Number of protein chains: 2
Amino acid sequence: MPTIRLILEYNGSCFHGWQMQEGLVTVQSELHRVLELVLREKIHVVHASGRTDAGVHARGQVVSFVVSKVPDLHRLTHSVSSILKGALSVTDAAVVPDTFHPRRSAKKKQYSYTILHRKAPAVLDKGYVWHITADLDYEKMREAASCLVGTHDFTSLRAAQCQANSPVKTILESELCLSRDYVVYRVVGKGFLQHMVRIIAGTLIDIGRGRLHSSMPEILAARDRRAGGVTAPPFGLMLDWVDYDDPEVVDSECDDAQE
Amino acid sequence: MPTIRLILEYNGSCFHGWQMQEGLVTVQSELHRVLELVLREKIHVVHASGRTDAGVHARGQVVSFVVSKVPDLHRLTHSVSSILKGALSVTDAAVVPDTFHPRRSAKKKQYSYTILHRKAPAVLDKGYVWHITADLDYEKMREAASCLVGTHDFTSLRAAQCQANSPVKTILESELCLSRDYVVYRVVGKGFLQHMVRIIAGTLIDIGRGRLHSSMPEILAARDRRAGGVTAPPFGLMLDWVDYDDPEVVDSECDDAQE
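It should be emphasised that the depicted structure is a prediction, and the values quoted were computed from it without experimental measurement.

**Digging into the pattern of salt bridges**
No. 1: Applying the stated criterion to the full structure yields 25 salt bridges over all chains.
No. 2: Put simply, Arg 223 of chain A and Asp 153 of chain A hold a salt bridge, and the shortest N to O gap is 3.6 Å. Placement of Arg 223 of chain A in the loop between helix H5 (216–222) and strand S10 (237–243) and of Asp 153 of chain A in strand S7 (residues 150–153) is noted, with a sequence separation of 70 residues between them.
No. 3: Judged by relative accessible area, which is 55%, Arg 223 of chain A ranks as exposed.
No. 4: Among the residues examined, Asp 153 of chain A registers a relative accessible area of 16% and is labelled buried.
No. 5: With a shortest N-O distance of 2.8 Å, Arg 186 of chain B and Glu 173 of chain B are connected by a salt bridge. Remark: Glu 173 of chain B occurs in strand S8 (residues 168–179) and Arg 186 of chain B occurs in strand S9 (residues 182–189); sequence separation between them is 13 residues.
No. 6: We classify Arg 186 of chain B as buried; its relative accessible area is 18%.
No. 7: What makes Glu 173 of chain B partly exposed here is its relative accessible area of 31%.
No. 8: By sharing partners, the salt bridges in this structure join Glu 9 of chain A together with Arg 118 and Asp 181 of chain B into a single network.

What follows is the structure, encoded as structure tokens:
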């Protein structure tokens, strides 16, 4: 039974997140429905590299599923993108080894969180940015962001209800990029905990606008969600890409937390 | 009577272009209506740096108007942005010398035209890109774009019905930028003729996909609109910024063509 891998771009505002939920339009449920329609066969389950929250966008979500025989991939991508037009596009499709799992095989992934920092409300980027009008101390934010690189206990920066077995995660890159009125927080890691990137973004903003006076190392050391900042709204978050340098490597370190 | 200058960001899909037209929602008519409402006085006319076509977006359109007395600029920008929420934002407001005219005083302006070049349709940038699936020869497009720098007769690359007195314009910068699946054509000039940037973008695409075999110098030399390529759709075009190094310089070279 061949395994098919798709790369997806989607507008998070069109879905109630990745995870299938009774009575809600989610990426997983819509994709499952459309794949069965196009392929005319029962699909067991569609796996994703990470379960994006309601409202979170993706430029490079990676998913996989098993089919009875290799379909016409060109027709498949075209049909799925046409049926879900404007909400979701399939940007790539491939047959991958049976051992491939979009989450467990992932080597690293990048998220970015975009803040529009000016007085005037968003127009061109409406729905893709968190609009902040308060003064921000970029230097403090930059320093706090850079402190996250490495392996840390992220208890202070994950959702209180996060179900992951371990709060320890490794961050490979963590930086603040400034361009015109945009403040973009970019983070690369092997895996993330529930709401982790949104809580990091909210904490950076709270540090920048002077609502949080602890340093990032102090916040991490507290191992208490109350030490961190607000959870930034989902619409500013984008899953940029997931990297699989060696598709044969199956790593079980990543847990199944919703990001 | 003080002159007020505003910088505007707008989503072109919300308006039938800049120019006031009976019975149509245009940027000029909406802005005029809202300014009179907020300032509680009759505004004679609102001038712009250029009359963007229906569907063309702006990140930095510059406009001006005369008022009886200097208003509270903070309140003005906030009120206009709130009333036209999601369609138009005022990103800056200032009192400028009476000699200031957003088009005549402009030293140079930048437009960019964005093409999404891939098989999958647009999702995240829907409404802001021209989706092209055909193969494109980037090198030929790059070369053609670079040939436009300098002073040329743009008869082949302006709308057949363009009313400008002279077809001669000076282009300061003209380049193709490639980034992921995006091909962005960026052009800086003192002024532009009707549909000029959209026709340049369409001509570059026609050269890139092999529909046009003439070189850019040959197309210009023909001085015939039929020598150029298609007019690219308006939604891929963005007025990025207008530059006024010396606000006192009033130059009459720019004509009043719709761009």
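**Things to note about the environment of Ser 105 of chain A**
Residue and element names in this part refer to chain A.
No. 1: Here Ser 105 is to be found in the loop between strand S4 (88–96) and strand S5 (108–117).
No. 2: Relative accessible area serves as the criterion here: at 4%, Ser 105 is assigned to the buried category.
No. 3: Sequence-wise, Ser 105 and Asp 245 are 140 residues apart; in three dimensions their C-alpha atoms are separated by 9.2 Å.

**With respect to helix H3 (residues 138–146) of chain A**
All names here are of chain A.
No. 1: Of the residues making up H3, those classed as buried are Met 141, Ala 144 and Ala 145. Around the axis of H3, the buried residues are gathered within 100° of arc, so they sit on the same side. Of the exposed residues in H3, the ones pointing more than 90 degrees away from its buried face are Glu 139 and Glu 143.
No. 2: For H3, the capping residue at the N-terminal end is Asp 137, with a side-chain oxygen 3.2 Å from the backbone nitrogen of Glu 139.

Basis of the calculations
- Residues numbered from 1 in each chain as written.
- Chains lettered and ligands numbered in written order.
- Predicted model: local features only at pLDDT ≥ 70, side-chain atom pairs only at ≥ 80, totals over all residues.
- Heavy atoms only, no water.
- Salt bridge = Lys/Arg side-chain N within 4 Å of Asp/Glu carboxyl O.
- Helix = DSSP H or I, 4+ residues; strand = E, 2+ residues; numbered from the N terminus.
- Buried < 20%, exposed > 50% of the residue type's maximum accessible area, 1.4 Å probe, protein only.
- Arc of directions from axis to C-beta.
- Polar contact = N/O pair within 3.5 Å; in protein donor to acceptor, adjacent residues only side chain to side chain.

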